[in-house]
2 protein chains.
Amino acid sequence: MSLKHAILVLLDKKPGSGYDLAQRFGGGIGNFWHATHQQVYQELKKLSSDQLVEFEVHTQAERPDKKVYRITSAGRTVLKTWLKQPIKLARINSTLLVKIYAAHLADPVELDKELGQHIVDHQQKLAEYAELERLYFSADAATRRKQRMPYLTLRSGIRYEWTWIEWMKEVKQLLANDALPEKPMMELLAKAAKAKH
Amino acid sequence: MSLKHAILVLLDKKPGSGYDLAQRFGGGIGNFWHATHQQVYQELKKLSSDQLVEFEVHTQAERPDKKVYRITSAGRTVLKTWLKQPIKLARINSTLLVKIYAAHLADPVELDKELGQHIVDHQQKLAEYAELERLYFSADAATRRKQRMPYLTLRSGIRYEWTWIEWMKEVKQLLANDALPEKPMMELLAKAAKAKH
DNA sequence: ATAGCCATGTAACCAGTTACATGATTGA
DNA sequence: TCAATCATGTAACTGGTTACATGGCTAT
């Protein structure tokens, strides 16, 4: 489990309310770790009873009161211990790949449409990332240095979306032409890598 | 949920016992849909009570008896209906990215070691995929045509591992040199794409 | 001997999703 | 007036992981 740790990471960067954290999981870190507000509130309760976080109630006029959480030193210890532990290879569960695997049962027209929609969705995501990258590069050197870790995760996202889009386009075209790939993927990638030098 | 559908897909290709399916989830389809034997047995029980699959007990000498499951026509209908339904954008939960995001709290030496290990793990996976691809290309044209959908999923796996490895190598090097990326990722990818023509 | 394969399962727990619930303020 | 934002939660359910349990056969 890592929701626990993801929350500790966020609170270490900056204290905040459950609502706050839920917002942050909806963008930025949300691109590689998803959580809903229900999960966040539950987890905060647990973390709080384990004294890894603590909170203060902020009474607000005009807005509902809120509990502002911050990480405790015990929490920071847990976080650092977690960072030291090697993680297991992530396992992928991709519905789209299961569908492609079973595509002989599907209606080709529908499948083509679905791939098309998927390509659009991922292109949109990529455009979002591209804009964030543009912003990053327009910041001054000090800010860029401070933000380098989040930026590196963004680079991962860009590569990921790009690759995924390339693959989907390839599949869409092959299915449309009822064709097979001509060359092994490994060969194509090796050639592209060489071309860089 | 898709374990249900993944099982139906597998049984549609070929009937088999729970043990059998669990093996198949450990390789091939397991590369993009993971399931343990406990999950498989539970799910088969549900599918069976919903009459989407049926089984026959095969008594074996020298081996434990087994239940050989096959998909029913109701199951095939459910499967086809599912194939028609558009799927939502997959959400990613990547522990490694959370760690990188929080890397300012980590010991650089440990982080470097962990990245190194991860690179090795993924290179191993990639080598596995490369071997499978070699096998695919050494088959005759008819076999290649029949296996094209599984092969397309393999291509996705190859691209995925390759990209992931490239990113990790980049991060490892940047951290080792305490450097920042010089050029936007979008620019680098666009240039590489152009070079193909 | 010992490990690994074949074969099936239960049970407890942990994590994640969906639905329900409330209620004030602000802006279109 | 209607939707969105701020703010917090409960409850039911579904899905996934880990541990436990059994037991014979085969190959080293």
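Reference entry: report on the structure contained in this document. (Residues numbered from 1 in each chain as written. Chains lettered and ligands numbered in written order. Predicted model: local features only at pLDDT ≥ 70, side-chain atom pairs only at ≥ 80, totals over all residues. Heavy atoms only, no water.)

1. Concerning the protein's contact with DNA strand D
Near DNA strand D lie 24 residues; those nearest to it are Tyr19, Lys45, Gln60 and Lys67 of chain A together with Met1 of chain B. A share of 65% of the atoms of DNA strand D within 4 Å of the protein falls on sugar and phosphate groups. Between DNA strand D and Gln60 of chain A, the relevant distance is 2.7 Å, taken from a phosphate oxygen to a side-chain nitrogen or oxygen of the residue. For the surface near DNA strand D, the elements supplying multiple residues, two or more each, are α2 (18-25), α3 (37-49) and β2 (66-71) of chain A together with α3 (37-49) of chain B. A total of five residues in the surface near DNA strand D trace back to one element, the largest contributor, which is α3 of chain A. Along the lines of polarity and charge, the residues of the surface near DNA strand D split into five nonpolar, 10 polar and nine charged. (Near = heavy atom within 4 Å. Polar contact = N/O pair within 3.5 Å; in protein donor to acceptor, adjacent residues only side chain to side chain. Helix = DSSP H or I, 4+ residues; strand = E, 2+ residues; numbered from the N terminus. Nonpolar A, V, L, I, M, F, W, Y, C, P; charged D, E, K, R; others polar.)

2. A short note on the protein's contact with DNA strand C
DNA strand C sits among 23 residues. The nearest are Met1 and Gln38 of chain A together with Tyr19, Gln60 and Lys67 of chain B. Of everything in DNA strand C that lies within 4 Å of the protein, sugar and phosphate atoms constitute 65%. At 2.8 Å, a side-chain N or O of Gln38 of chain A approaches a base nitrogen of DNA strand C. Between DNA strand C and the protein, one listed contact pairs a phosphate oxygen with a side-chain N or O atom of Lys45 of chain B at 2.9 Å.

3. Quick word on the environment of Val120 of chain B
All names here are of chain B. Among the secondary structure elements, Val120 is positioned in helix α6 (residues 108-138). Of the residues examined, Val120 reaches a relative accessible area of 43% and is grouped as partly exposed. In sequence terms Val120 and Ile165 are 45 residues apart; their C-alpha atoms lie 8.8 Å from each other. (Buried < 20%, exposed > 50% of the residue type's maximum accessible area, 1.4 Å probe, protein only.)

4. Points about the environment of Pro108 of chain B
As for its position among the elements, Pro108 of chain B is in helix α6. Sequence-wise, Pro108 of chain B and Lys172 of chain B are 64 residues apart; in three dimensions their C-alpha atoms are separated by 10.0 Å.

5. Overview of unusual backbone geometry
Residue and element names in this part refer to chain B. Residues other than glycine seldom take positive phi values, yet Gln51 does so here, at roughly 60°. Looking at where Gln51 falls in the secondary structure, it is placed in the loop between α3 and β1 (53-58). Using a relative accessible area of 58% as the deciding quantity, one classes Gln51 as exposed. Of note, the phi angle at Asp178 is positive, near 50°, even though the residue is not glycine. Classification of Asp178 as partly exposed rests on a relative accessible area of 43%.

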